[in-house]
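Observations on the three-dimensional arrangement
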Amino acid sequence: NIRIYKTTNKGTTWTQLFDPSSRYGWLEQMYRFEAIEICPWDNNLIVAGAYHKESNNGGLFFSIDGGVTWNQHNIQTSTSGYDADIYDLVFTKESGKTTLYAGVEYNTTSRSIYKLTFDNTTKKFSSVQDMDASGTAVGYAISATIIDLETTKTGDTILAIGTDVGSNHPIAYYKSIS
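One structure accompanies this document, and this report is about it. Not measured: the values here are computed from a predicted model. Every residue gets a number counted from 1 within its own chain, in the order that chain's sequence is written. Only residues with pLDDT of 70 or above have their local features reported here, since the model is predicted, and side-chain atom pairs are shown and tallied only from 80 upward, although totals for entire chains, interfaces and linings are computed over all residues. Hydrogens and water are ignored here; the side-chain numbers use all heavy atoms of the structure.

**A word on the environment of Ser134**
The line we're drawing: Helix and strand definitions here come from DSSP, where helices need a minimum of 4 consecutive H or I residues and strands a minimum of 2 consecutive E residues; each element is numbered from the N-terminal end. Type-normalised accessible area, obtained with a 1.4 Å probe on protein chains alone, sets the label of each residue: buried when under 20%, exposed when over 50%, and partly exposed for intermediate values.
Mapped onto the secondary structure, Ser134 falls in the loop between strand S10 (124-129) and strand S11 (144-151). A relative accessible area of 76% places Ser134 in the exposed class. Note: C-alpha distance between Ser134 and Ser176 (42 residues apart in sequence) is 15 Å.

Next comes the structure, spelled out in structure tokens:
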């Protein structure tokens, strides 16, 4: 659903950590969290990706204190609230920096994969579109909906699957972290 809960006793009891419907006025029946990730090397850094079922109005939320407080990072908009629909999230470490990849649903303003770098000083993310022409082996921007992201066991490669926008056929991509 649209709320995030935490358990510390293997599911016997749950505590609600975050509800964007109360903070942003989202209608709870229209949204769901598709992805939630805890940073493997910093358990206080948690990210969650929301999806809106009838429009491209999801969002990316993060906590730097283990889920006590939450903020939104805007991928495609400049104001809090509605943003990109997030399907999946995966953390990596690149050049010593905490990096997050977000797979999003294709629409007129967002597409494919975004790369977010966490700044330990400001405690915020910065983001760039990662499948633009300069970031692809084919030399042109890739327009797709990315549904699932994974890293290899060695952590040196990101794998992505989804659907192509043009013919809506399945696609798979990979990216070497180096």
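**Here we look at the pairing of strand S5 (residues 59-63)**
Applied cut-off: Pairing between strands is defined by DSSP: at least two bridges between them are needed.
For S5, a buried count of 5 out of 5 residues is recorded, marking the element as mostly surrounded by other parts of the structure. Residues Gly59, Phe61 and Ser63 of S5 are buried on one face, and the alternating residues Leu60 and Phe62, pointing to the opposite face, are buried as well. Pairing analysis gives 5 bridges linking strand S4 (residues 46-52) to S5, with the strands arranged antiparallel. In the strand pairing of S5, Ala50 is matched with Gly59. The pairing of S5 with strand S6 (residues 71-73) spans 3 bridges and is classified as antiparallel. Bridging from a neighbouring strand, Phe62 pairs with Asn71 of S6.

**Details of the pairing of strand S8 (residues 97-104)**
Within S8, 7 of the 8 residues are buried, which leaves it mostly tucked inside the rest of the structure. Examined bridge by bridge, strand S7 (residues 86-94) and S8 share 8 bridges and lie antiparallel to one another. Opposite Lys93, over in S8, you have Thr98 as the bridge partner. Linkage of S7 to S8, two consecutive antiparallel strands, is achieved through a turn of 2 residues, within which Ser95 is found at a positive phi near 50°. Here 5 bridges tie S8 to strand S9 (residues 113-119), and the two strands are oriented antiparallel to one another. Counterpart to Tyr101 in the pairing with S9 is Lys115.

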